Amino acid sequence: MSVGKDDLYQNDAKFHAFPGSTYPPVSWDLGFSDMKRSASKTRCLKEVANYDLFRRHLENTFVTTSENKTFWGKAIYEDCFHGKMDQGSQCIAETFIDTLYPDDFVRDEALEILKAKPEDKPWYLQVNFPGPHPPIFVTSEMASSVHKRKWPDPADSVIAQHWSCPEYGGNPEFGGRCNYGAELERLDNLMKSIVDQVTLEDTMVCITGDHGEMLGDHNLGGKKVPWQPSISVPLLCMGAGIQVGKTYGDPVTTLDLPGTFMEVAGVEKAEKMTTQSLVPALTTPSQPLTRQTVHSGLDEWRAVIRSINGVSWKLVCCIGKCQSAPTGTPEPSKGWSLLLYDTEADPDDMISLHWENPNIVATLRQDLPRGWCPNTNGVTAKPPPLSASTGAPQQKVPITAEQKEAA
């Protein structure tokens, strides 16, 4: 079973079997017995008018204020989505109510589909919340919940003010790190209402995300870059057989969640599936997993992450200069950037340690896809020294051809 934004058919708004479409039953297609599918918080306003469940919900909802004025749900949501919250907007405290917030809609759909879960065999449900994703916009209740609380500024950013939070409350709000926090806290409550419907003695529950969010770090919003706020996501599991309060310290990948769920359900993997099981780490956190290296990548970069001698190293390979590279990142060499970070000691990716750790670079380079950073005699230039007071580069340090060859 599946609820919410799944991206399984990302470019096909008509999937799976809505009126007017010609798709076969969903069970013929992806193996789900039931789905309540909705598009993203963005695409629900675009081409999915006749097919998206949340879009239908918006179109069928009307809100009446204390002044007896009635507003259309879709128009309210659209103003909130575009940040139109000034005078004359339909996105006001009385109109942008919880039932128009996309995550509340997904939660309600999940509670409904849970009623149909089988009682005589293992079952699986994925619930996909679209809320914590650009654009960031929240109800007045959510905005007020984080009003006047202190939130950390973006790291390595000259646009920190852009991500600051308003100093007023009581109305819907758009943007800001505090309101992203409000979206996450809203998720906590919504997830709890779902988890409360199952018994953890015989159910495994895992909470994670498909990508992170830069939130102004390194002057960037969104995702798609190799820096930790973008590629690192939480993974919390609870329930049957899982050790309480334990942390597994080595890198893992969410691509191994399918293998985990299949093992718990007693289902054999198909022959060509590469997913592994995280059950050993969940039941005995000191036990190493079969998969030692985690891979990530998109467009013009690839990364490998592995724990070596207790350090979680990340090797990043970019074509040319990496997008939104942290301040002080050295220039590319021979058309490539090859950078090395200690992800625990340096979660903001501020200091590449490739120059000081050639053996680690050589080891991790072997795990890059074929053709990426192929110049074995050339690594990215040595980074400039950092100022002890500001952490900024003191000056550019030229690197000679002899030094490159020696590397």
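Residues numbered from 1 in each chain as written. Predicted model: local features only at pLDDT ≥ 70, side-chain atom pairs only at ≥ 80, totals over all residues. Heavy atoms only, no water.

### Brief notes about the state of the cysteines
Phase 1: For the coordinates displayed, the defined rule picks out four disulfides.
Phase 2: Between the sulfur of C80 and that of C91 lies a disulfide, 2.0 Å long from S to S. Because the sign of the S-S torsion sets the handedness, a value of about 105 degrees for the bond joining C80 and C91 places this disulfide among the right-handed ones. Taken together, the residues span a long stretch of sequence, with C80 in helix α2 (residues 73–81) and C91 in the loop between α2 and α3 (102–114) at a distance of 11 residues. (Disulfide = S-S within 2.5 Å. Helix = DSSP H or I, 4+ residues; strand = E, 2+ residues; numbered from the N terminus.)

### Examining the nonpolar core
Generally speaking, nonpolar side chains in soluble globular proteins are found buried as a group.
Phase 1: Ranked by size, the top nonpolar core spans 23 residues in total, and within it I76, Y77 and F96 carry the most contacts.
Phase 2: Secondary structure elements with two or more residues in this core: α1 (53–59), α2, β6 (137–138), α4 (140–145) and α5 (177–195).
Phase 3: Not counting chain neighbours up to four residues away, the residues in contact with Y77 comprise K41, C44, L45, F54, L58, L100, P102 and F137.
Phase 4: With 14 residues, the next largest nonpolar core counts L315, L338, L364 and L368 among its residues. (Core = buried A, V, L, I, M, F, W, Y, C linked by side-chain atoms within 4.5 Å. Buried < 20%, exposed > 50% of the residue type's maximum accessible area, 1.4 Å probe, protein only. Contact = heavy atoms within 4.5 Å.)

### Some remarks on helix α9 (residues 358–365)
Phase 1: Looking at α9, one finds that the buried residues are I360, V361, L364 and R365. One side of α9 holds all its buried residues, which, seen down the axis, span an arc of 130 degrees.
Phase 2: Against the buried residues of α9 lie β11 (301–308), β12 (311–319) and β13 (336–342). (Arc of directions from axis to C-beta.)

### Topic: the confidence of the model for the protein
Phase 1: Summarising the model, the protein shows a mean pLDDT of 85, and 85% of its residues fall at 70 or more.
Phase 2: Below a pLDDT of 50 lies the segment residues 16–21, which in the model reaches 16 contacts outside its immediate sequence neighbourhood of four places, other chains included.
Phase 3: For residues 387–407, every residue scores under 50 in pLDDT, and the model assigns this stretch 31 contacts once sequence neighbours within four places are set aside. (pLDDT = per-residue confidence, 0-100.)

### Quick word on the sheet that holds strand β10 (residues 293–298)
Phase 1: Taken in spatial order, the four strands of this open sheet run β10-β11-β12-β13, and their pairing is antiparallel. For this open sheet the edge positions go to β10 and β13, each flanked by a neighbour on one side alone. Averaged over all adjacent pairs, the angle separating strand axes in this sheet is 15 degrees, with direction ignored.
Phase 2: Strand direction decides the pairing type here: β10 and β11, joined by six bridges, are antiparallel. Bridge pairing links H295 to V304 in β11.
Phase 3: Against the sheet, α9 touches β11, β12 and β13, its axis set at about 115 degrees to β11. (Pairing = 2+ DSSP bridges. Axes fitted to C-alpha atoms, helices over the stretch in contact; angles between N-to-C directions.)

### Focus on the packing of aromatic side chains
Phase 1: The full count for this structure, using the stated rule, is nine aromatic pairs.
Phase 2: When the centroid spacing of 5.3 Å and the interplanar angle of 50 degrees are considered together, the rings of F54 and F105 count as tilted. With a gap of 51 residues between them, F54 in helix α1 and F105 in helix α3 connect regions that are remote in the sequence. Side by side, F54 and F105 carry an identical accessibility label, which is buried.
Phase 3: Three or more aromatic residues joined by ring pairs form one cluster here, namely F54, Y77, F81, F96, F105 and F137. (Phe/Tyr/Trp six-rings, centres within 6.5 Å; stacked < 30°, edge-to-face > 60°.)

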